[in-house]
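An overview of the molecular structure
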Amino acid sequence: MTNDKAGAPICIIGAGGIVADAHLPAYQIAGFKVAGIVNRNKQKAQALAEKFGIEKVYENLEEMVAAHGTDVVYDFALPASEIIPVLELLPEGATILIQKPYGESLEEAKAIHALAKKKHLLAGVNFQMRFAPYMLEARKMIADGKIGPITDLEVYVNVHTPWNLWEFLFSKERMEINYHSIHYVDLIRSFLGTPSKVYARTFKHPEATQLASVKSNIIMDYGDMVRAVIHTNHNHNYSYQKQESYVKIEGTQGAIKITFGALINYPHGVADSFEYIIAEEGGKAQWQTKVIEGTWFPHAFIGTMQQMQLAKAGIINKPENSIDDALETMICVEAAYNSNGKGGVITDDFFEHNNRFGRMSKMTWLLVFLIWANTSSAAIAEKVVIVNPLQKQQRVVYGVDLLKSKLQQIGYMVSVVATAGKKVPANQTTIFIDANFNSDLKKEGFSIQSSKNITHISGADASGILYGCLELADQSSELKKLPASLNLQDAPEMVLRGECIGLQKPYYLPGRTVYEYPYTPQTFPWLYDKKLWIQVLDSMVNNRMNSLYLWNGHPFASLVKLKDYPYAVEVDDATFKMNEEIFGFLTAEADKRGIWVIQMFYNIIVSKPFAEKHGIKTQERERPIIPVIADYTQKSIAAFVEKYPNVGLMVCLGEAMEGVGQDDINWFTKTIIPGVKDGLKALGKTEEPPIVLRAHDTDAPAVMQAALPLYKNLYTEAKFNGEALTYDRPRGAWAELHQKLSKLGSVQIENVHILANLEPFRYGSADFIQRSVIGMHEVMGGNGLHLYPQASYWDWPYAADSVKGGARLLQIERDWLWYKAWSRYAWKAKRERSAEVTYWNRNLADQFGVSQADGGHILRSYEEMGEISPKLLRRFGITDGNRQTLNLGMLMTQLINPYRFGLFTLLYEAESPEGESLAEYADKEWNGKQHTGETPVQIIKEVKAHGDRAVAAIDAVKLVKKIRMSLSD
């Protein structure tokens, strides 16, 4: 059974920590297909489904069973007390894998066993330690006769276990043996069979008196010649350096010692080790170390599921971990608890009619092992250990997890530990995350240094380490292996690199006016889609973006409640709770990825209920500052900042209403900034969130000069090319404003606004985009990017395309190249052109499933097409805004006399290279005057040539029809 024939799909029942940490990672490594998951708390199931790509989250078990019947393996991860109710809902003849223990007691195990037999279930129990890769290697050595017959088998665990991680254990009458040492009981049984007697004593500890027991000694009696013992102590809380966790197996000719590091310094763990010694005739035996790929968690979980798959497929008659075999383990556990009360107990007393359940012979076990060893899941590649001492830095943890996932995808076995210990094995591939941030690096910068099998990643901050992990992951993914040698240092050029999403509509809601859209499921159903948000945030972090702008007129009345203004809330209680939950989720997930959520709002808009209470309009362009509105707004902002950390603000002081005289300055400095400071004070934080001032319809330089002495983390934002994309190096009055803003001492953000001349087509000219970002730096003085969607801003998250069957395309999927190109050059603009062509050829080839040569043809087509609309608009258009006529259809009168239609002259004077409009060209031509710069006739010729070359390039691609459907005409 290999990855291309991964057996029956798996349906998981339960979504607890063991599923997240072991079951699903193991199945992902092995290539098993997980078809569905169900859990009482659906959100937990949805989170795992999103993380591991599970096809379906079911509302209940009945729905799952109805969908799959007996065609799947049902994988339980439930408390033992819930096993029987679940079994009763499963169809007869189903295949199931039950998480250990097999009941809270032998009596309960027998009841489960009887029900499973009655329903003819193919059932196994997840006693997985016997399938850990190092145990399989030990078993093979023993089967090969390397150490001779076993004479001594010892499990020794002396660690500190944080039992508070499993709160349900505090109510259990049986704890340590039933929930921990049961692993070792089962392990010893797998080597030696079921013992004739069990002697045991289990103990409490003064620091854990609320737990039934935390330490145990167990002797499993196999006669006079074999010692089998288990010693566990979970309260060795004297630094992890002396903690121990091992299995020692001695035979007549040698010994094996396996350190399973998962329990040491839990939950961080240390590296495993496999050591052995074999007596040699005529020589002195030496201990040797063997590198074993994989570990207990999660790789052993492959084995238990593999057994169920083999049995379901008919390859073996019964799984090694069958419920029959598991019942014998439960008999030993029951004997241990009885012995704890009254001494050694004969296990035969617990067998019915002295009939044991078909123990597996050595030859049968060896056959199963050989089947296992020849599966693809056992063919594990090189092991990598990532040492991350920054376990409390969630951005670092997220970056390490991404790196781990990428390395696993290309075949490495990866474990993450908090410390490497005193000595790292010379042959161990290790990635060290530096514990101290590097002050020599720029903000968000990173350094990667690697030589041989050791790599160091350091960062200026947590985001820098995150980006360093991403860079190493990307390079490894491209090479299909870890780079042999790296000496790399990098940092972003632009301070804020972000995309925006509009919580707005192209129509007015009843009783409201422009920009007034409360956050409700009816107006914005996608806002509450966590899976979509994870997809958006993951795409952003992959593109190294660090800011997400949410545009809305007055969001506060949907997100906070004020004691002084309880009537201002404009959504019902149920919706308000939904808004709190989704905004908390979004901001937390964004923070994990190093992304600021920046909430945009317009100046002096108030909520509809607030306006009605005070007998005013929700917005009024000429309204001066009214004390009650200022107080309400300041308290709204303070409550917002306090409630949602890692959230910035963006304000448009003009447009919705224009200030009178000093009003814009006063509103910004006496209402908005004080509101943010009040929120920080209530939160007990000093780190200032970003406040972005939109330069539209306000005297932004004057406002900023008044504000900068009061607040340091300020930014300005202005449109790069108006509401279009026309020219990479704006000039004249347009550029002068940007230049003035960039010299204030804050950061000027360049806004690629609504692309009225590009909608609804797909735009993918990496060359034009790169030139534009260089122009942002060199001409405008900009050092930040605020990127609108390439099309359909008003219909986020969907693109405008008509798709067969009525499906909707997501903008971030359809316009992946748009986001990837702008963010790539926001990180670093001046990249060598030939290298960029190679980079985009490869990306386009991967995207469309073609050769790199054909990827080059697609790139040329995109870039030739990418010149057409910008050139046409800047020579024939009337405006750069959403009245733009080229896509809407242009009347002859608009073409020949645009002045009648309110010509926006800055389109020609600032957002185009020096040149002539059609009217100017005709006038000069008629009067015999010298033409200057770019002319309409010149553009007509160039556009035709661009179109011809674009068509020729796409026609050169073999899959022409498929590709044409994905490109603009």
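Residues numbered from 1 in each chain as written. Predicted model: local features only at pLDDT ≥ 70, side-chain atom pairs only at ≥ 80, totals over all residues. Heavy atoms only, no water.

**Some details on the overall build of the protein chain**
Across its full length, the protein chain holds 31 helices and 29 strands. Its C-alpha radius of gyration of 34 Å places the protein chain within 12% of the 30 Å reference for a compact globule of 969 residues. By its C-alpha atoms, the protein chain is 115 × 65 × 55 Å across when sized along the principal axes. Among the 969 residues that make up the protein chain, the fraction classed as buried is 58%. Contacts spanning at least 24 positions in sequence make up 71% of the contacts within the protein chain whose residues lie at least 6 apart. Summed over its atoms, the accessible surface of the protein chain is roughly 40100 Å², and 52% of this surface lies on carbon and sulfur atoms. (Helix = DSSP H or I, 4+ residues; strand = E, 2+ residues; numbered from the N terminus. Rg over C-alpha atoms; globule rule 2.2 N^0.38 Å. Buried < 20%, exposed > 50% of the residue type's maximum accessible area, 1.4 Å probe, protein only. Contact = heavy atoms within 4.5 Å. Areas by Shrake-Rupley, 256 points an atom, 1.4 Å probe, with all protein chains shown as cover.)

**A short note on the state of the cysteines**
Covalent bonding between the sulfur atoms of two cysteines defines a disulfide. A full pass over the atoms with the stated rule returns zero disulfides. C652 carries a free sulfur, and the closest cysteine sulfur to it, the one in C500, is 13 Å from it. The exposure class assigned to C652 is buried, which follows from its relative accessible area of 0%. (Disulfide = S-S within 2.5 Å.)

**What about the nonpolar core?**
A general trend in soluble globular proteins is that nonpolar side chains are found buried together. Core analysis: the biggest nonpolar cluster contains 114 residues, and W533, F668, W818 and W822 have the highest contact counts within it. When residues no more than four places from it in sequence are discounted, the contact partners of W818 are V752, L755, L758, Y763, I769, L787, Y788, P789 and Q790. Of all hydrophobic cores here, the second largest spans 81 residues; its members include I98, Y222, A326 and V333. (Core = buried A, V, L, I, M, F, W, Y, C linked by side-chain atoms within 4.5 Å.)

**Side note on the sheet that holds strand β2 (residues 34–38)**
Reading across from one edge, β3-β2-β1-β4-β5-β6 is the order of the six strands in this open sheet, with parallel pairing throughout. Here the strands that pair on one side only, and so sit at the sheet edges, are β3 (57–58) and β6 (122–125). In terms of strand pairing, strand β1 (residues 10–13) meets β2 through four bridges, oriented parallel. Across the sheet, residue I13 finds its bridge partner in β2, namely V38. (Pairing = 2+ DSSP bridges.)

**What to know about the packing of helix α26 (residues 868–876) against helix α30 (residues 936–955)**
Running from amino to carboxyl end, α26 crosses α30 at an angle of 165°, the nearest separation of the two axes being 10 Å. Comparing their axes, α30 and α26 come out roughly antiparallel. Once α26 is placed against α30, the crossing between them reads as left-handed. In contact with I868, K871, L872, R875 and F876 of α26, α30 contributes P936, I939, I940, E942, V943, H946 and G947. (Axes fitted to C-alpha atoms, helices over the stretch in contact; angles between N-to-C directions. Parallel < 35°, antiparallel > 145°, perpendicular 65-115°, else oblique. Left-handed = near helix turned anticlockwise from the far one by under 90°.)

**Focus: the pattern of salt bridges**
On inspection of all chains with the given rule, the structure shows 57 salt bridges. Among the salt bridges present, the one from R130 reaches D186, with a minimum N-O distance of 2.8 Å. Linking R130 in the loop between β6 and α6 (133–143) with D186 in helix α7 (residues 176–192), this pair joins segments that are 56 residues apart in sequence. The exposure class of R130 is buried, given its relative accessible area of 2%. (Salt bridge = Lys/Arg side-chain N within 4 Å of Asp/Glu carboxyl O.)

**A word on the side chain of H738**
Checked against the element boundaries, H738 lands in helix α20 (residues 732–742). By relative accessible area, H738 is classed as buried at 1%. Here Q748 takes part through its side chain, which lies 3.4 Å from a polar atom of the side chain of H738. Setting aside anything within four residues of it in sequence, one finds H738 in contact with A718, K719, F720, Q748, E750 and M780. (Polar contact = N/O pair within 3.5 Å; in protein donor to acceptor, adjacent residues only side chain to side chain.)

**Structural notes on the side chain of E717**
Checked against the element boundaries, E717 lands in strand β27 (residues 714–719). A residue is classified by how much of its surface remains accessible, and E717, at 1% relative accessible area, is buried. Within polar-contact distance, the side chain of E717 engages the side chain of H786 at 3.1 Å.

**Regarding the sheet that holds strand β24 (residues 596–602)**
The strands making up a sheet associate through backbone hydrogen bonding, with each pair oriented either parallel or antiparallel. Spatially, β22-β23-β24-β25-β26-β27-β28-β29 is the arrangement adopted by the eight strands of the closed barrel, whose pairing is parallel. Taking each pair of neighbouring strands and ignoring which way they run, the sheet shows an average axis angle of 25°. Sheet topology places β24 next to strand β25 (residues 647–652); six bridges connect them, and they run parallel. Looking across to β25, one finds that I598 is bridged to G648. Here helix α17 (residues 627–643) sits on the sheet in contact with β24 and β25, set at roughly 150° to β25. In the packing of helix α23 (residues 816–827) onto the sheet, the strands contacted are β22 (496–502), β28 (747–752) and β29 (784–787), and the crossing angle to β29 comes to about 170°.

**Looking at helix α11 (residues 394–409)**
Taking 1.5 Å per residue, 16 residues should reach 22 Å; α11 reaches 22 Å between its end C-alpha atoms and fits that length. For α11, the full list of buried residues reads R395, V396, Y398, G399, V400, L403 and L407. G411 lies just past α11 and shows a positive phi near 110°. (Expected span 1.5 Å × (residues − 1).)

**With respect to unusual backbone geometry**
A cis amide bond links Y266 with the next residue in sequence, P267, at an omega value of 10°. A cis amide bond links W796 to the next residue, P797, at an omega of 10°. Position of P797 relative to the elements: it lies in the loop between β29 and α22 (811–814). Of note, E444 is a non-glycine position whose phi angle comes to about 65°, a positive value. Note on placement: E444 falls in the loop between β18 (429–433) and β19 (446–451). The class for E444 is buried, based on a relative accessible area of 7%. Residues other than glycine seldom take positive phi values, yet K452 does so here, at roughly 55°. If you trace the backbone, K452 turns up in the loop between β19 and β20 (454–459).

**Points about the pairing of strand β13 (residues 273–278)**
Two faces, one strand: in a regular strand the side chains alternate between the faces of the sheet. When strand β12 (residues 254–259) meets β13, the two strands line up antiparallel, connected through six bridges. What sits directly across from I256, in β13, is Y276. One ladder, built from two bridges, connects β13 with strand β14 (residues 288–289); its direction is antiparallel. Bridge pairing in β14 links Y276 to Q288.

All quantities given are derived from atomic positions and should not be read as evidence of function.
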